[in-house]
Amino acid sequence: MKGLGNTIESKTITSGSSPITATPRPKPGFWKQHLSIRPEFHGDPRVELSRFRKAVILCVISQAGSLGGFSSTIYFPSLVQITADLNASQTAINASVSLFILFMGISPLVSSTLSDTFLIRRVLYIGFTLIFALASLGGGYANSAGSLIVARVFQAVGSGGASILGAGTVADIYPPEEQGTSMGLMFLGQFLGPVLGPPLGGVLAKTFGWQSTFFFMAIVAAIVIVELFFLLPETYRAPDRDLLKEMEEVKGYAAEGGDEKNASATRRTGGAFNPFQAVMLLKHPVVLLSSIELGIIFALMFSIETLAPVLFTNSYGLAEDQVGLTYLGAGGGSILGAILGGKLSDLALMRAKAKNGGEIVLEDRLSLSMWIAGFLIVPFGSLLFGFGAEKHLSIAAPIVGFGIYNFGMAQVISAGAAYLVNAIPGQGSSATAAANFLRMVMACIFSLIAQIIVDHVGYGNYGIIQAAINIVCMGLFYIVKLRGAGMRETATRKEEASRK
């Protein structure tokens, strides 16, 4: 495989007056490399990996990232069946949904901190996906609401811990000018999971029973584990580890790997392990303002997902498998939005780079198309879904409205995530985990209150509420576009000072 030669060249940097040289190491054998907890990639994966190899890695991590989305909604069409079969209360069933989302936010704090502390990604992908596979298997044998909830919690722990690593891996293997498109493609798995899960779950539940949805996810997870083991290298670079170790011995602090000023992967060692340390990055306005919009736009989308089964069953008389098919419109919107949004974000960054004499200004990634998507397309989708359901219009109205919403949402998240992962040098994984934590807490809250709001004010007014909330949060995000450079500089200075 290109980039995994038997030797590497020594690399020297200067810290103060003391030159530090990374010691080259020979490449270990195949099985030793793949069974190692910290296998080393010799060279820079952004340079050494071929485009095809990067595409394979992107495909694999996208699959790993899709597990949470699939499992979060694949059993939505069979909730009525599960309630009857387990003799469970509606409160217990709602808890299985809400706790899943909550732990999808907590688990990434652990995996991102492990990644940033021990300079690893690959073993975490495999380990957390294995947790997900075992929990899915257990969920298929659940015989009470309590055991089902436990299985769902560990499903969330496993899938959440693996999915958050994707943004860091993209930043490891792609230069900044290509990260928007790559991030959009990586997020396809996370976007498609929630919308393709219900159609598949409806068919499985109707044909084989609700337990089959859990067994199906266990099989998929096992396949992903095999792919991760054989196809995913460790993208933290071996020379950087050597440099880090030696710099710490000389100067007592950790250096960041990579060549770009805004390299995103955190590379530090030492210190107490604190999985909630990543959340503290929300104290920086650049992280908080970005995370609020990225969180609310996803949470409102998830609330529509939780409303859809009741809406299409009660108002349109659809069966379980038919309800699942209504999510395909949202899936189409997500695909188009993620691909288009990521590409336009990269183009905007490259054009601005040319105008700036080769200098990259991260805020240039937040392109005009993203603001059109957030301020106009997403609110229009909310209103069409809400009033289409409220007025009992053609079933196409809420389906198309949901699809339009997701088309806009995917553009905002693709560009916003690519921006956030590079916002604070050396804190990309943690910043992404902090944003994800806020996003999942919001999704948990809205999944609990969406039906209550609709019961009180109706679908139409809920659509207005969604549109208004999103416009306000996009306004907060626009502050980042205007003042982001200064915010990033301040945040970086404070983080560097806190690590000394």
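Residues numbered from 1 in each chain as written. Predicted model: local features only at pLDDT ≥ 70, side-chain atom pairs only at ≥ 80, totals over all residues. Heavy atoms only, no water.

For the protein, the name recorded in an unreviewed UniProt entry is MFS general substrate transporter, with Linnemannia elongata AG-77 as its organism.

*Asks:* How do you make sense of the overall build of the protein when you look at a structure like this?
*Replies:* Broken down by element type, the protein carries 17 helices and 2 strands. Looking at the protein as a whole, 59% of its 500 residues are labelled buried. Within the protein, residue pairs in contact and separated by at least 24 positions form 82% of the contacts whose partners lie at least 6 positions apart. Accessible area of the protein: about 19100 Å², with a carbon and sulfur share of 66%. (Helix = DSSP H or I, 4+ residues; strand = E, 2+ residues; numbered from the N terminus. Buried < 20%, exposed > 50% of the residue type's maximum accessible area, 1.4 Å probe, protein only. Contact = heavy atoms within 4.5 Å. Areas by Shrake-Rupley, 256 points an atom, 1.4 Å probe, with all protein chains shown as cover.)

*Asks:* Mind showing me how you'd approach the pattern of salt bridges here?
*Replies:* Under the defined criterion, the tally for this structure stands at 6 salt bridges. One salt bridge connects K353 with E177, and the closest N-O pair in it is separated by 2.3 Å. Here the residue K353 occupies a position in helix 14 (residues 328–355), and E177 occupies one in helix 9 (residues 176–208), the gap between them amounting to 176 residues. Looking at E177, the relative accessible area reads 17%, which means it is buried. Of the charged contacts, one joins R365 and D346 as a salt bridge, the two residues approaching to 2.9 Å between their closest N and O atoms. Remark: D346 occurs in helix 14 and R365 occurs in the loop between helix 14 and helix 15 (368–390); sequence separation between them is 19 residues. Exposure remark for R365: the relative accessible area of 1% places this residue in the buried category. (Salt bridge = Lys/Arg side-chain N within 4 Å of Asp/Glu carboxyl O.)

*Asks:* Sorry if this is basic, but what is going on with the confidence of the model for the protein here?
*Replies:* Caution applies to low-pLDDT regions: their predicted coordinates should not be interpreted in detail. Taken residue by residue, the protein gives an average pLDDT of 84. The fraction at 70 or more is 86%. For residues 1–25, every residue scores under 50 in pLDDT, and the model assigns this stretch 59 contacts once sequence neighbours within four places are set aside. Under a pLDDT of 50 for its full length, residues 238–270 has, in the predicted model, 105 contacts with residues more than four places off or in other chains. (pLDDT = per-residue confidence, 0-100.)

*Asks:* How should I be thinking about the environment of P379 in this particular structure?
*Replies:* Among the structural elements, P379 can be located in helix 15. As a C-alpha pair, P379 and G401 span 22 residues in sequence and 9.7 Å in three-dimensional space. When residues no more than four places from it in sequence are discounted, the contact partners of P379 are A373, G374, A467, N470 and I471.

*Asks:* Help me understand the packing of helix 3 (residues 51–73) against helix 9, please; the structure alone is not making it clear to me.
*Replies:* Packed helix pairs are characterised by how far apart their axes lie and by the angle those axes make with each other. Packing of helix 3 against helix 9 leaves a shortest axis separation of 7 Å and a crossing angle of 30 degrees. Between helix 3 and helix 9, the crossing angle belongs to the class labelled roughly parallel. Classified by chirality, the crossing of helix 9 by helix 3 is right-handed. Here R51, L58, I61, S62, G65, S66, G69, F70 and T73 of helix 3 come into contact with helix 9, specifically with E178, S182, L185, M186, L188, G189, Q190, G193, P194, L196, G197 and P198. In terms of residue class, the contact of helix 3 with helix 9 is built from 9 nonpolar, 10 polar and 2 charged. (Axes fitted to C-alpha atoms, helices over the stretch in contact; angles between N-to-C directions. Parallel < 35°, antiparallel > 145°, perpendicular 65-115°, else oblique. Left-handed = near helix turned anticlockwise from the far one by under 90°. Nonpolar A, V, L, I, M, F, W, Y, C, P; charged D, E, K, R; others polar.)

*Asks:* Would you explain the packing of aromatic side chains in this entry?
*Replies:* Aromatic ring pairs are defined here through the distance separating the ring centres and the angle between the ring planes. On inspection of all chains with the given rule, the structure shows 11 aromatic pairs. Ring geometry for W371 versus Y478: centroids 5.0 Å apart, planes at 80 degrees, classification edge-to-face. With W371 in helix 15 and Y478 in helix 17 (residues 428–499), this pair connects stretches of sequence that are 107 residues apart. Given a relative accessible area of 7%, W371 falls into the buried group. Aromatic ring contacts, followed pair by pair, group W371, F375, F477 and Y478 into a single cluster. The positively charged end of R122 is found above the aromatic ring belonging to F229, 5.2 Å away from the centroid. Looking at R152, its charged tip hangs above the ring of F100, at a distance of 4.2 Å from the centre. (Phe/Tyr/Trp six-rings, centres within 6.5 Å; stacked < 30°, edge-to-face > 60°. Lys NZ or Arg CZ within 6 Å of the ring centre and 35° of its normal.)

*Asks:* Mind showing me how you'd approach the nonpolar core here?
*Replies:* Looking at soluble globular proteins, one finds that nonpolar side chains tend to be buried together. Counting 131 residues, the largest nonpolar core has Y75 and M183 as the members making the most contacts within it. Ranked by the residues each element gives to this core, the list is headed by helix 17, at 21 residues. In this structure, this core is formed jointly by two domains, domain 1 (44–237) and domain 2 (276–494), each of which donates at least three residues. Not counting chain neighbours up to four residues away, the residues in contact with Y75 comprise I82, I93, S96, V97, L148, R152, T213 and F214. (Core = buried A, V, L, I, M, F, W, Y, C linked by side-chain atoms within 4.5 Å. Domains from an automatic or database assignment.)

*Asks:* Any chance you could explain unusual backbone geometry here in plain terms?
*Replies:* Most peptide bonds are trans, and most residues other than glycine sit at a negative phi. Here the phi dihedral of N87 falls at roughly 50 degrees; this positive angle occurs in a residue that is not glycine. By the element assignment, N87 lies in the loop between helix 4 (79–85) and helix 5 (90–118). With a phi close to 60 degrees, L119 is a non-glycine residue in the positive phi region. Note on placement: L119 falls in the loop between helix 5 and helix 6 (122–140). Classification of L119 by relative accessible area gives buried; the value is 3%.

*Asks:* Could you clarify how one ought to interpret the side chain of T306 in this entry?
*Replies:* Tracing the backbone shows T306 in helix 12 (residues 285–314). Ignoring anything within four residues of it in the chain, the contact list for T306 reads F76, S447 and A450.

*Asks:* Could you clarify how one ought to interpret helix 16 (residues 396–420) in this entry?
*Replies:* Residues that lie three or four places apart on an α-helix share one face, since the helix turns once every 3.6 residues. Taking 1.5 Å of rise per residue, the 25 residues of helix 16 would be expected to cover 36 Å, and the 35 Å separating its terminal C-alpha atoms lies within 8% of that figure. Most of helix 16 sits out of view: 20 of its 25 residues are buried. (Expected span 1.5 Å × (residues − 1).)

*Asks:* How do you make sense of the environment of R439 when you look at a structure like this?
*Replies:* Residue placement: R439 occurs in helix 17. Among the residues examined, R439 registers a relative accessible area of 11% and is labelled buried. Separated by 140 residues in sequence, R439 and A299 place their C-alpha atoms 6.5 Å apart. Non-local contacts of R439, meaning those with residues more than four positions away in its chain, are made with L294, G295, F298 and A299.

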